[in-house]
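This is what each chain is made of:
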Amino acid sequence: VDGAEDEAAILNPQGTVPCCQLWLGRGEHRLSKRLYANRDFHVSILGGFAGSETAAEDRDPEANHTAVVLDGCQLLFTRWAHQLTVDGLTIRDGEAEHGGAIDIFGSYGGGNNILISNVDFVNCRARLGGGAVRIQRASKGLETRNLRIVDCRFINCSATGSEEISGGGAVMIE
């Protein structure tokens, strides 16, 4: 998948994403509307593609730097997470009430598996919590043993609300 197709896919999200892999090619991709995934979904957002790969394992995020620049929005909001992977990206300038770049609300069916790896979060802001990432466990509970945030950097991320209603300049798990 080449960069032009990836950019069109990410720039024009169509409602709920039930199951997909977004392959993002090297370069900078701009997003002005967040992606939304609901219920029993399996979503992977992967960076590091040159354009000739035929499998996700063939990509090279170090050689093919991929950045998603957010224009006053989040990259992804999920409700009742099931399986989510975000890997090999720089996510820049995210802004939202909760989770400046990624907001994960609850779990679905107890079998959730969430991996955020090799992601640089830069200049992400939330007004109420989780400057870059917010994970809110709902009444059924998000099984945090299946949550992994690995080899990520949080650069100039913040939660800007008052002390009583904000927290987690980088990550907030509540």
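Relevant structure appears above.
Not measured: the values here are computed from a predicted model.

Asker: Teacher, can you tell me more about the overall build of the protein chain here?
Answerer: Looking only at helices and strands, the protein chain has one helix and 16 strands in total. Of all 174 residues assigned to the protein chain, the portion counted as buried reaches 48%. Here the contacts in the protein chain between residues at least 6 apart in sequence split such that 73% fall between residues at least 24 apart. With the model as given, the accessible surface of the protein chain reaches about 8,000 Å², and the carbon-plus-sulfur share is 45%.

Asker: What's the story with the packing of aromatic side chains in this structure? I'm lost.
Answerer: Given two aromatic rings, their pairing is described by the distance between the two centres and the angle made by the two planes. Inspection of every chain in the model, using the stated rule, returns two aromatic pairs. Taking 5.1 Å as the distance between ring centres and 0° as the angle between the ring planes, the aromatic pair formed by F121 and F154 counts as stacked. One end of the pair, F121, is in strand β10 (residues 113-122); the other, F154, is in strand β14 (residues 153-155), and 33 residues separate them in sequence. The exposure class of F154 is partly exposed, given its relative accessible area of 29%.

Asker: How do you make sense of the pattern of salt bridges when you look at a structure like this?
Answerer: If charged atoms from side chains of opposite charge come close, those side chains can pair. Here the structure, examined in full by the defined rule, presents nine salt bridges. Of the charged contacts in the structure, one is a salt bridge between R153 and D120, with a shortest N-O distance of 2.8 Å. Linking R153 in strand β14 with D120 in strand β10, this pair joins segments that are 33 residues apart in sequence.

Criteria and thresholds
- Residues numbered from 1 in each chain as written.
- Predicted model: local features only at pLDDT ≥ 70, side-chain atom pairs only at ≥ 80, totals over all residues.
- Heavy atoms only, no water.
- Helix = DSSP H or I, 4+ residues; strand = E, 2+ residues; numbered from the N terminus.
- Buried < 20%, exposed > 50% of the residue type's maximum accessible area, 1.4 Å probe, protein only.
- Contact = heavy atoms within 4.5 Å.
- Areas by Shrake-Rupley, 256 points an atom, 1.4 Å probe, with all protein chains shown as cover.
- Phe/Tyr/Trp six-rings, centres within 6.5 Å; stacked < 30°, edge-to-face > 60°.
- Salt bridge = Lys/Arg side-chain N within 4 Å of Asp/Glu carboxyl O.

Everything listed here is a matter of coordinates, which is why it stays silent on function.
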